[in-house]
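Spelled out from the first residue to the last, the chains are:
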2 protein chains.
Amino acid sequence: MTQRIFGHIPGIDVGTKFSSRDALYDKKIHMNKRAGITGAQSEGADSIVISGGYEDDEDYGDIIIYTGHGGRDENTGKQIADQLLKRQNLALAKSMIFELPVRVTRSLGKGKGYRYDGLYYVKNYWNERGKAGYIIWRFELHKAMDNLEIIDDTPVQESDISISIPGRTIVTTSRIKRKLKNIREIKELYDFKCQICNIQLKLKGDNLFYAEAAHIKPLGKPHNGPDEVNNMLCLCPNHHVLLDNGAIWIDSNLKIMGITKPKLLTVLDDHKLKIEFLNYHKNEIAFELEL
Amino acid sequence: MTQRIFGHIPGIDVGTKFSSRDALYDKKIHMNKRAGITGAQSEGADSIVISGGYEDDEDYGDIIIYTGHGGRDENTGKQIADQLLKRQNLALAKSMIFELPVRVTRSLGKGKGYRYDGLYYVKNYWNERGKAGYIIWRFELHKAMDNLEIIDDTPVQESDISISIPGRTIVTTSRIKRKLKNIREIKELYDFKCQICNIQLKLKGDNLFYAEAAHIKPLGKPHNGPDEVNNMLCLCPNHHVLLDNGAIWIDSNLKIMGITKPKLLTVLDDHKLKIEFLNYHKNEIAFELEL
């Protein structure tokens, strides 16, 4: 059993063409010769192939509305039953929840092979009635930024999966490593509850929730905050916007400031949050000033 | 006084080069021969030029951390005073708040001219201490998706400004018109308060708030919901995620369902919300099902 790779496969450029599903398999781009989605419902999905086989699929290039797996007649390919949010479909939902990149490969037409088109993020999923009248699951994928060239370039050890983001050199060259395991760790530690307001946003599906992994001292220049759990918070989208903007901040007693009724940040014992990063954010991003 | 155009200038392709700031002005790409930002603090900013003149600017290609205007010595270009969130800086903040596209033009180096690089969206702004020790305002811009080719292709009448989104033809061709004025209208009507939870997210600055314009019956195929205020809600990011996912829905009595304690949606008399769109969302996106 090989380790599942999230992100680019080293040595395979975006735009590379492949003659067949076998070739995609051999090069580790898509590790299943028949299924459109590869992944595990516990880990997330790492790759999809768009074959044009689903009547409900929509492909706008940078945005894809992808139809989930299941409920189709093996011979005709027609939808004959409802799809369930299980297995590969659940894996794609997990890719949204854990902010994992998904490799996208497109069929170039019957007998014309396949092209690896790079990485996408799952931005939303929902269910609806497909053209055939049965329930289908739908996944909205957005292309990752061109300059966020994500590769899994570290020797893979256990779940230590990294993303590296080399800047397209224009004025500045930058390379930021994103550690996917930390995103999952902070969200699971807090059970997807916002550390500021304690809200837990429940998505469709069994035990699926939405939260965001926020950095306190920002990544990248000029702040160069570390991509470590000790510099991260589990936040709802609302409080993520306000933290990044500096409209709210946390003082060194863990009191949340900038809100009407200051209250304490929820911090669990297992979360080795560094106060120095809270102070940096307060002093360098969130400081009050004359407008 | 000509009408300010948000989006592409008709007839000017992305990648077009210009010999000088005068040429950018003549072709209406950037309607000020000296300032880096054009816009009005009431309307938003429509264009920036990246000249490489600010020591704190960072350009990663698809993501730009742009430094605001002001506080520099006219002769040396050095930062000698704090920047304020006023005039062009406030205009850029408004571009985030009203979800307006900003034209980006880059200098190709001293004496080498300029290149129009297309549209970006302001995703965040904040203030920090720049390298020179003074307060600077910073704006994070993200490149608009390649296939979201935004052009202001309508005869401009009053504030009826549109975006059109032609799909890059791969499987599906699609063209969705986004009406920028409706985004602003719905947010201002509700004073940036979420119609579900009534939260009003205050950003840094005087009287600046963050909310999102959400469509009830989704835009684009297969739903083809209209881009009209009667199909829109003013929501906080949290409830926007849940509405799009179908985890919450609104019944025909305007009761919000899918939350622990169902309560009524806030709807003002001036908002001619169409119940048919709420019913469509409930029946086609949010329906309960066996998982």
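Residues numbered from 1 in each chain as written. Chains lettered and ligands numbered in written order. Predicted model: local features only at pLDDT ≥ 70, side-chain atom pairs only at ≥ 80, totals over all residues. Heavy atoms only, no water.

Observations concerning the overall build of chain A
Item 1. For chain A, the helix and strand inventory stands at five helices and 17 strands.
Item 2. Counting the 291 residues in chain A, one finds 55% classified as buried.
Item 3. Residue pairs in contact within chain A that sit at least 24 positions apart in sequence constitute 55% of those at least 6 positions apart. (Helix = DSSP H or I, 4+ residues; strand = E, 2+ residues; numbered from the N terminus. Buried < 20%, exposed > 50% of the residue type's maximum accessible area, 1.4 Å probe, protein only. Contact = heavy atoms within 4.5 Å.)

Things to note about the relation of the copies chain A and chain B
Item 1. Rotating chain A by 180° and translating it 0.0 Å along the rotation axis places it on chain B, where the RMSD comes to 0.1 Å. Accordingly, the operation relating the two chain copies is best matched by a two-fold axis.
Item 2. The share of interface residues of chain A whose copies in chain B are also at the interface is 98%, consistent with both copies meeting through the same surface. (Least-squares fit on C-alpha atoms with pLDDT ≥ 70 in both.)

A short note on the sheet that holds strand E17 (residues 263–264) of chain B
All names here are of chain B.
Item 1. Pairing is antiparallel in the open sheet, where three strands are placed in the order E15-E16-E17. Two strands close off the open sheet at either side, each with one partner strand: strand E15 (249–250) and E17.
Item 2. Inspection of the sheet shows E15 paired to strand E16 (residues 255–257) by two bridges, in the antiparallel sense. Bridged to Ile 250 within E16 is Ile 256. (Pairing = 2+ DSSP bridges.)

Some points on the packing of aromatic side chains
Residue and element names in this part refer to chain A.
Item 1. Considering all chains together, one arrives at eight aromatic pairs over all chains under this definition.
Item 2. Taken together, a centroid distance of 6.4 Å and an interplanar angle of 35° make the contact between Phe 192 and Phe 209 tilted. Remark: Phe 209 occurs in strand E12 (residues 209–210) and Phe 192 occurs in the loop between helix H3 (180–189) and strand E11 (201–202); sequence separation between them is 17 residues. Of the two residues, Phe 192 and Phe 209, both sit in the buried class.
Item 3. An aromatic cluster of three or more residues is present, and its members are Phe 98, Phe 192 and Phe 209.
Item 4. Against the face of Tyr 280 rests Lys 217, its NZ or CZ located 4.5 Å from the ring centre. (Phe/Tyr/Trp six-rings, centres within 6.5 Å; stacked < 30°, edge-to-face > 60°. Lys NZ or Arg CZ within 6 Å of the ring centre and 35° of its normal.)

What to know about the interface of chain A and chain B
Item 1. Facing the 59 residues of chain A at the interface are 58 residues of chain B.
Item 2. Summed over both partners, the interface of chain A with chain B buries about 5,100 Å², with 57% contributed by carbon and sulfur atoms.
Item 3. At the junction of chain A with chain B, the criterion picks out zero salt bridges.
Item 4. In this structure, the connection of chain A to chain B is made through eleven residue pairs in polar contact (both at pLDDT 80 or more). (Buried area = accessible area lost by both parts, 1.4 Å probe. Salt bridge = Lys/Arg side-chain N within 4 Å of Asp/Glu carboxyl O. Polar contact = N/O pair within 3.5 Å; in protein donor to acceptor, adjacent residues only side chain to side chain.)

A closer look at helix H2 (residues 87–97) of chain B
Item 1. Among the eleven residues that make up H2(B), ten are buried, leaving the element largely enclosed by the rest of the structure.
Item 2. At the C-terminal side of H2(B), Glu99(B) shows a positive phi close to 60°.

Observations regarding the pairing of strand E7 (residues 114–129) of chain B
Residue and element names in this part refer to chain B.
Item 1. In terms of burial, E7 is largely enclosed, as 13 of its 16 residues are buried.
Item 2. In this sheet, E7 lies alongside strand E1 (residues 17–18) in antiparallel orientation, the contact comprising two bridges. Looking at E7, one finds that Phe 18 is bridged to Tyr 114.
Item 3. Two successive antiparallel strands, strand E6 (residues 101–107) and E7, enclose a turn made up of six residues, where Gly 109 displays a positive phi of approximately 115°.
Item 4. As paired strands, E7 and strand E8 (residues 135–143) are joined by nine bridges and run antiparallel to one another. By the bridge assignment, Tyr 120 is partnered in E8 with Lys 143.

Some remarks on the packing of helix H4 (residues 237–245) of chain A against helix H4 (residues 237–245) of chain B
Item 1. Viewed as axis vectors pointing N to C, H4(A) and H4(B) meet at an angle of 140°, and their least axial separation amounts to 6 Å. Counting all contacts with H4(A), which are made through Pro237(A), Asn238(A) and Val241(A), the residues of H4(B) involved are Pro237(B), Asn238(B) and Val241(B).
Item 2. Each residue belonging to the contact of H4(A) with H4(B) can be placed in one class, and the counts come to four nonpolar, two polar and no charged. (Axes fitted to C-alpha atoms, helices over the stretch in contact; angles between N-to-C directions. Nonpolar A, V, L, I, M, F, W, Y, C, P; charged D, E, K, R; others polar.)

Description of the sheet that holds strand E17 (residues 263–264) of chain A
Residue and element names in this part refer to chain A.
Item 1. The strand order E15-E16-E17 describes an open sheet built from three strands, whose pairing is antiparallel. Two strands in the sheet have a free side with no partner beyond their single neighbour: strand E15 (249–250) and E17.
Item 2. As judged from the two bridges shared by strand E16 (residues 255–257) and E17, these two strands associate in the antiparallel manner. Residue pairing across strands places Lys 255 opposite Leu 264, the latter belonging to E17.

A short note on the confidence of the model for chain A
All names here are of chain A.
Item 1. Here chain A averages 85 in pLDDT, and 85% of its residues register 70 or above.
Item 2. Confidence, read as mean pLDDT per element, is least for strand E9 (residues 162–166) in chain A (43) and greatest for strand E14 (residues 232–235) (98).
Item 3. Long-range and interchain partners of residues 149–176, a stretch whose pLDDT sits below 50, account for 79 contacts in this model, where long-range means more than four residues apart. (pLDDT = per-residue confidence, 0-100.)

Let's talk about the pairing of strand E7 (residues 114–129) of chain A
Residue and element names in this part refer to chain A.
Item 1. Across six bridges, the pairing between strand E6 (residues 101–107) and E7 is antiparallel. Following the sheet pairing, Thr 105 is matched in E7 by Tyr 116.
Item 2. Between E7 and the antiparallel strand that follows it, strand E8 (residues 135–143), lie five residues; Gly 133 among them carries a positive phi value of about 95°.

A short note on the pattern of salt bridges
Residues and elements named next belong to chain A.
Item 1. Throughout the structure, instances matching the rule amount to 23 salt bridges over all chains.
Item 2. Among the salt bridges present, the one from Glu 43 reaches Arg 4, with a minimum N-O distance of 3.5 Å. Of this pair, Glu 43 sits in the loop between strand E2 (37–40) and strand E3 (44–50) while Arg 4 sits in the segment before strand E1 (17–18), and the two are 39 residues apart along the sequence.
Item 3. Judged by its relative accessible area of 30%, Glu 43 falls in the partly exposed class.

Brief notes about the side chain of His30(A)
All names here are of chain A.
Item 1. With respect to the element layout, His 30 can be found in the loop between helix H1 (21–26) and E2.
Item 2. Among the polar contacts listed, one links the side chain of His 30 to the backbone oxygen of Ala 35, at a separation of 2.8 Å.
Item 3. Contact partners of His 30, with chain neighbours within four places excluded, come to Arg 21, Leu 24, Tyr 25, Ala 35, Gly 36, Ile 37, Thr 38, Ser 47, Ile 48 and Val 49.

Examining the environment of Asp251(B)
All names here are of chain B.
Item 1. Considering the arrangement of structural elements, one finds Asp 251 in the loop between E15 and E16.
Item 2. Judged by relative accessible area, Asp 251 falls into the buried class, the value being 15%.
Item 3. For the pair Asp 251 and Lys 193, spaced 58 residues apart in sequence, the C-alpha to C-alpha distance is 20 Å.
Item 4. Contact partners of Asp 251, with chain neighbours within four places excluded, come to Met 257 and Lys 282.
Item 5. Within the local environment of Asp 251, its side chain forms a polar contact with the backbone nitrogen of Asn 253, the two atoms lying 2.9 Å apart.

Considering helix H3 (residues 180–189) of chain B
All names here are of chain B.
Item 1. By the burial criterion, the buried members of H3 are Leu 180, Asn 182, Ile 183, Ile 186 and Lys 187. Mapping the buried residues of H3 onto a view down its axis gives an arc of 165°, with all of them on the same face.
Item 2. Asp 191 sits one or two residues past H3 and shows a positive phi near 55°. (Arc of directions from axis to C-beta.)

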